[in-house]
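Residue-level structure breakdown
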Amino acid sequence: MKKKKNKKILLIQPTPYDQNGKLVKKSKLYFVGLALPLLAALTPKGYEVELCYETIEDVPFDTDADLIGISSMGHAVMRTIDIAKKFRELGKTVVLGGYMVSLMPEEAKKYGDSVMIGDAEETWAEMINDYSKGKLKKVYQKKLTKLKTPLPKYEMLLNKNIGNFLPVQAGRGCPKTCSFCSVYCLYKGQYLKRDIKEVIRDIKRVKELGFKQFLLLDDNIFSDRKYAIKLCSEIKKLKMKWMTQCSIDIAKDEELLKIIADSGCYVLSFGLESITKESLKSMNKSWANPDKYAEQIKIIRKYGIDISTEMVVGADGDTLETIKNTAKFISDNHIAVPRFYILTPIPGTKFFDEMQKQNRIYNADIYSYNACEAVHIPKNMAPEELTKAYWELYNEVYSMKSIIKRTLLTKTFFKRPIDAIFYFGVNCFYRYQIKKGIVPNIV
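Let me begin by describing the structure that accompanies this report. The structure presented is a predicted model; accordingly, all values stated were derived computationally and were not measured.

1. Concerning the overall build of the chain
On a plain count of helices and strands, the chain comes out with 17 helices and 14 strands. For 443 residues, the compact-globule estimate of 2.2 N^0.38 gives 22 Å, and the C-alpha radius of gyration of the chain, at 22 Å, lies within 12% of that figure. Taking the principal axes of its C-alpha atoms as reference, the chain extends roughly 70 × 55 × 40 Å. Here the chain, with 443 residues, has 56% of them falling under the buried criterion. Sequence separation of at least 24 residues holds for 72% of the intrachain contacts in the chain that already meet a minimum separation of 6.

This is the structure in structure tokens:
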């Protein structure tokens, strides 16, 4: 007699392996992914859903759930594969999703019984219903034309050791077209925004659960000025603190900056990528002007907003000297929480296609890509030199002298000492990881 499928689903967000092959583990998870509680909300009634964030808890391989969903992000892809293999050996049905799966669906098919490409809003319930009937398809894919989601099941996160904020999504995609960016490769310049009432509904729920701040997930929320102003007007009424990311050219609109700050935003994260124009041009990001970065940062700080940055090294305009100068730029501009990556040709991105066409792929093993070792041949240095310069950059930026200058010897310390001390603590933890040869990550 054929075993009847049970009504339980285990959803997993894997943690990456560090450079020593060990799982990245933390006592607390600050940046909680939204995918799992959102998928739980999209699940048809009658199903029990369990969530696992492997960074702070162990994967329950002894689960009684028959259906396992794994969300794959970044260099956690290797761990995703290992988890998938183990569960399939145990006779479970494995469904893979996330942006790495969407970028490399043919590879993902090797490790899952089914793969979900792109957004899951229109396909998740369909997949589960097919599974329950024994008619699971190998691929589920449907392009969204409108972004509308149910209220995420945030309450499922409350028994986990997480930070003092929860994620809320406003939009997906980005109108920018940076060649190395996975967001561009998935959305091709498409930018979908949720109805503001829906966004506020989610923020109110976060507040009801006792949180005083939230992270607004959006790759470039202020690209639609009218929408941003209306959303900030509604957020202001809730009297909550919040963070988000956007492009640095927000500094050109001081009226909008004031509205953002007045609504409770106190941290903005920027993908500055590089301090050289040639590098930005090679990444199809010539709209950004690194000569104006310092001035733009000052303007943004004028409104009481702290700054976090992400940058890449190894683009065509980079030299060993410009990488060294990047450390000085970070220090001189008192960037609270800087992160760096080696420019990596991820399969599925335009940059990968360019490097492959130019025969500049140095390491063809895509499963070894970790954004901290050069895998392409840079224009102005050897791959080994790039890797060495990258680690020297991280060690310089996270020297104790630089940390103190960037976090404690700032105006923020006198205006918001608790925030400054928090940034100092984050920097010290990142320094500890770097000294062990582990790249800091936001999980």
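2. Notes on the pairing of strand β1 (residues 8-13)
Burial analysis of β1 places six of its six residues in the buried class, which makes it a mostly covered element. Residues K8, L10 and I12 line one face of β1 and the alternating positions I9, L11 and Q13 line the opposite face, and both faces are buried. Examined bridge by bridge, β1 and strand β2 (residues 48-53) share six bridges and lie parallel to one another. Residue pairing across strands places I12 opposite C52, the latter belonging to β2.

3. Things to note about the pairing of strand β11 (residues 241-246)
Bridge count between strand β10 (residues 213-217) and β11: three bridges; the pairing is parallel. Of the residues in β11, the one forming a bridge with F214 is W242. For the crossover from β10 across helix α8 (residues 225-236) to β11, the handedness is right-handed. Relative to strand β12 (residues 265-273), β11 runs parallel, the two sharing five bridges.

4. Some thoughts on the sheet that holds β10
What links the strands of a sheet is backbone hydrogen bonding, and the strands pair in either a parallel or an antiparallel sense. Pairing within the open sheet is parallel, and its six strands lie in the order β7-β10-β11-β12-β13-β14. Two strands lie at the open edges of the sheet, namely β7 (165-169) and β14 (337-342), each paired on one side alone. Direction aside, neighbouring strands of the sheet carry axes that sit 20 degrees apart on average.

5. Overview of the packing of aromatic side chains
Throughout the structure, instances matching the rule amount to 14 aromatic pairs. Ring geometry for Y390 versus W391: centroids 5.6 Å apart, planes at 80 degrees, classification edge-to-face. Joined through ring pairs, the aromatic side chains of F340, Y390, W391, Y394, Y398 and Y430 make up one cluster. The ring of Y266 carries the charged tip of K241 above its face, separated from the ring centre by 4.1 Å. Positioned above the aromatic ring of Y398, the side-chain terminus of R406 is 5.1 Å from the ring centre.

6. Describing the packing of helix α7 (residues 196-208) against α8
Across the interface, α7 lies against α8 with an axial gap of 10 Å and an inter-helix angle of 35 degrees. Pair α7 / α8 crosses with right-handed handedness. Across from I196, V199, I200 and I203 in α7, the residues of α8 making contact are Y227, K230, L231, E234 and I235. In the contact of α7 with α8, the residues fall into seven nonpolar, no polar and two charged.

7. Some details on the nonpolar core
Among the nonpolar cores identified, the biggest contains 109 residues, and F222, L231 and I300 are the most heavily contacted of them. The dominant element in this core, judged by the number of residues it contributes, is helix α14 (residues 383-397), at seven residues. In terms of nonpolar packing, the next biggest core, distinct from the first, is built from 19 residues, C52, I68, A84 and F87 among them.

8. Observations concerning the environment of I70
Structurally, the position occupied by I70 is in strand β3 (residues 67-71). With 155 residues separating them in the primary sequence, I70 and R225 have C-alpha atoms 35 Å apart. The contacts of I70, once residues within four sequence positions are left out, are I12, P14, T80, I83, A84, V94, V95, L96 and G97.

9. With respect to helix α9 (residues 254-262)
Here α9 has its buried residues at L256, L257, I260 and A261. All buried residues of α9 fall inside an arc of 135 degrees around its axis, so they share one side.

10. What to know about the sheet that holds β2
The six strands are arranged β2-β1-β3-β4-β5-β6 in an open sheet whose pairing can be described as parallel. The outermost strands of the open sheet, each flanked by one partner alone, are β2 and β6 (139-141). Each strand of the sheet is rotated relative to its neighbour by a mean of 20 degrees, with strand direction disregarded. Strand direction decides the pairing type here: strand β4 (residues 93-97) and strand β5 (residues 114-117), joined by two bridges, are parallel. Each residue of the ladder has a partner; that of V95, found in β5, is S114.

11. Here's the deal with unusual backbone geometry
For N284, which is not glycine, the phi torsion reads 60 degrees and is therefore positive. Positionally, N284 belongs in the loop between α10 (277-282) and α11 (293-301). In this structure, A371 is a non-glycine residue whose phi angle is positive, near 65 degrees. Among the structural elements, A371 can be located in the loop between α13 (350-357) and α14.

12. Digging into the pattern of salt bridges
Close approach of charged atoms allows side chains of opposite charge to pair. All chains considered together, the criterion is met by 37 salt bridges. Residues K148 and E198 are paired through a salt bridge, measuring 3.2 Å at the closest nitrogen-oxygen approach. Highlighted residues: K148 in the loop between β6 and β7 and E198 in helix α7, separated in sequence by 50 residues. Since its relative accessible area comes to 6%, E198 is described here as buried. The closest approach of N and O atoms between E255 and R225, which form a salt bridge, is 3.0 Å. Taken as a pair, E255 in helix α9 and R225 in helix α8 lie far apart in primary sequence, 30 residues in all. With a relative accessible area of 33%, R225 lands in the partly exposed category. Among the charged side chains, a salt-bridge network with shared partners connects K148, R194, E198, R201 and D202.

13. So, a nonpolar patch on the surface
On the surface, Y30, F31 and F422 cluster together into a nonpolar patch covering about 260 Å² of accessible area. Relative to the assigned elements, F422 resides in helix α17 (residues 417-435). Here F422 falls in the partly exposed class, since its relative accessible area comes to 41%.

Each value, and the rule that gives it
Residues numbered from 1 in each chain as written. Predicted model: local features only at pLDDT ≥ 70, side-chain atom pairs only at ≥ 80, totals over all residues. Heavy atoms only, no water. Helix = DSSP H or I, 4+ residues; strand = E, 2+ residues; numbered from the N terminus. Rg over C-alpha atoms; globule rule 2.2 N^0.38 Å. Buried < 20%, exposed > 50% of the residue type's maximum accessible area, 1.4 Å probe, protein only. Contact = heavy atoms within 4.5 Å. Pairing = 2+ DSSP bridges. Right-handed = clockwise from strand over helix to strand, strands pointing away. Axes fitted to C-alpha atoms, helices over the stretch in contact; angles between N-to-C directions. Phe/Tyr/Trp six-rings, centres within 6.5 Å; stacked < 30°, edge-to-face > 60°. Lys NZ or Arg CZ within 6 Å of the ring centre and 35° of its normal. Left-handed = near helix turned anticlockwise from the far one by under 90°. Nonpolar A, V, L, I, M, F, W, Y, C, P; charged D, E, K, R; others polar. Core = buried A, V, L, I, M, F, W, Y, C linked by side-chain atoms within 4.5 Å. Arc of directions from axis to C-beta. Salt bridge = Lys/Arg side-chain N within 4 Å of Asp/Glu carboxyl O. Patch = residues over 30% accessible without salt bridge, like charges linked within 9 Å, V, L, I, M, F, W, Y side chains within 5 Å. Areas by Shrake-Rupley, 256 points an atom, 1.4 Å probe, with all protein chains shown as cover.

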